[in-house]
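The residues making up each chain are set out below.
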Amino acid sequence: MTDNIVEIDNLSFGYGGRMLHKGINMSFPRGKVVAIMGGSGSGKTTLLRLIGGQLKPVDGEVRVDGTVVHEQGRRELQKLRRKMGMLFQMGALFTDLSVYENVAFPMREHTSLPESMIRDLVMMKLNAVGLRGARDLMPTELSGGMARRVALARAVALDPAIIMYDEPFAGLDPISMGVICNLIRRLNDALGATSIVVTHDVREAFSFVDYVYFVADGMVAAEGTPDELSKSTLPFVHQFVHGEVDGPVPFHYPAPDYRGDMLRGHDV
Amino acid sequence: MSRLLSGFDSLLRGIGHRLVDQFWRLGSAARFFAYTLIYSGESLRRPNLVIREIYFTGVLSLIIIIVSAFFVGMVLGLQGYNTLQKYGSSEAIGVLVALSLVRELGPVVTALLFAGRAGTAITAQIGLMKATEQLSAMEMMAVSPIARVVAPRFWAGVISMPLLASLFSMIGILGGYLVAVPIIGVDGGAFWSQMQASVDFREDVMNGFIKSCVFGVACAMIALFEGYDAPPTADGVSRATTRTVVNSSLAVLGLDFVMTSFMIS
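Residues numbered from 1 in each chain as written. Chains lettered and ligands numbered in written order. Predicted model: local features only at pLDDT ≥ 70, side-chain atom pairs only at ≥ 80, totals over all residues. Heavy atoms only, no water.

**Considering the sheet that holds strand E7 (residues 162-166) of chain A**
Residue and element names in this part refer to chain A. Across the sheet, 6 strands lie side by side as E6-E7-E8-E3-E9-E10; this open sheet has mixed pairing. Both edges of this open sheet fall to strand E6 (84-87) and strand E10 (219-224), since each of them pairs with a single strand only. Shown here is a sheet whose adjacent strand axes are inclined to one another by a mean of 20 degrees, direction ignored. When E7 meets strand E8 (residues 194-199), the two strands line up parallel, connected through 5 bridges. Across the sheet, residue Tyr165 finds its bridge partner in E8, namely Val197. Across the sheet, helix H6 (residues 174-191) touches strand E3 (33-38), E7 and E8, and the angle it forms with E8 is around 160 degrees. (Pairing = 2+ DSSP bridges. Helix = DSSP H or I, 4+ residues; strand = E, 2+ residues; numbered from the N terminus. Axes fitted to C-alpha atoms, helices over the stretch in contact; angles between N-to-C directions. Contact = heavy atoms within 4.5 Å.)

**Concerning the pairing of E6 of chain A**
As a general feature of sheets, a regular strand has side chains that alternate between the two faces. Residues and elements named next belong to chain A. The alternating pattern of E6 places Met84 and Met86 and Gly85 and Leu87 on opposite faces, both of which are buried. Where E6 lies against E7, 4 bridges are found, and the strand directions are parallel. Paired with Leu87 across the strands is Tyr165, a residue of E7. (Buried < 20%, exposed > 50% of the residue type's maximum accessible area, 1.4 Å probe, protein only.)

**As for the interface of chain A and chain B**
At the interface, 23 residues of chain A touch 16 residues of chain B. Contact with chain B buries surface across chain A, with Arg81, Phe94 and Glu109 of chain A losing the most and accounting together for 25% of the total. The interface formed by chain A and chain B holds 4 salt bridges in total. The shortest N-O distance in the salt bridge between Arg46 of chain B and Glu109 of chain A comes to 3.0 Å. Linking chain A to chain B there are 12 residue pairs in polar contact (both at pLDDT 80 or more). Looking at the side of chain A that touches chain B element by element, the count peaks at 4 residues for helix H3 (residues 99-110) of chain A. Looking at side-chain class alone, the side of chain A that touches chain B contains 10 nonpolar, 6 polar and 7 charged residues. (Buried area = accessible area lost by both parts, 1.4 Å probe. Salt bridge = Lys/Arg side-chain N within 4 Å of Asp/Glu carboxyl O. Polar contact = N/O pair within 3.5 Å; in protein donor to acceptor, adjacent residues only side chain to side chain. Nonpolar A, V, L, I, M, F, W, Y, C, P; charged D, E, K, R; others polar.)

Here is the structure:
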């Protein structure tokens, strides 16, 4: 057994000739919370899908627990996915099922536990995210933060070894953000799992993660502990961490000369 | 001249592009159908899933089917009587109503209503499940969306359609009876006995039943594929829903012609 539960080795991926990732190397040690950060559209979410085997790399490989993900058949991939839990950006709760049934869903699908035990487990998971009292609500009745917490309870329903979070803070108020940060850390440590958090919220992420990868232009632009990166003098990291408008990442989308563009009038 | 040529060139290219696109779609639809059949075993082993979907597609379509059937039957009674009485054979009204319903109108109108009522609901639901990442989430939970979401809905459609079509024919005949016998005053005995004598179980009833089963497969498959294949945006889902109605209707009418020509010959 290696110390890293997930390893990404020289990974390249792209859609229709446009490469999104160009040779990415990352490793995720067991028991740690690791953040993948980068601007919008830098392919962070795609990385999670590559780890989950929903996409196949163009080159390189992703290994989960020593197994190369894209070489697995359907059954092996399903077996591998049972070790993973994923929290989607908007929660992705099943809208036709209640909160209780959403959390019970993976248990019903993958185990033949008696109903009484499923009930106990669902209550424990919901209690861990503080929503035991909301078990009879439907997903449409939940606020954004609550939906995210229910989805988190569902993601950890089968005690996965790897928990992946896709933008867990997007669109949340500061209190909910704090709650989610706290939960990610607590659940990770309580379950002895490894967490991979994809986000662009620097302040939140730096407050609780162990290690950070910065992705830019399809490559790992920088990596290190939050402390190291806060002090980094690399221009890109500096711009990102301090939220500066212009820098190595330009404010303007590539465009022809402004003056020339304006003078040309309607003749485009 | 060169402008004309380049216009012609881009027109040709456009047509070719669309054609190739359609072939791709046809291919992925066929693959989707095959997967649905392969995964059907898994979902049929859990009949609860199928029964739940029969409720949504079949039971909730009952009102529209019953009301439409009643009106179609009444109109058939009126129109049929109007024409038949010119030839002095208004007692044959029962045969006319029953044969038109059992052979054609029952299966076809039910399928068209089914596509509009249940097909659109299925497409929109699956399209939105895709747009809100519910299908991805299921996949990541090591649960196949085809086995869990698609196959139960497919079988629910295939089972519901013949039942709804039979009900349509039955209610339609009642509607026809109501207009012809108590209101117009055609002899009730002649209405039923002529019908009984002229409607053949194998030739008419069974053929109608076979048609409705085929329509069930076609409508359910089109609705499911359009939903599953829809771009995950508001625009994509709305276009997919429209395509479900258009394609299902065309498929039903086309298949009806083909099957009728085989059944009659």
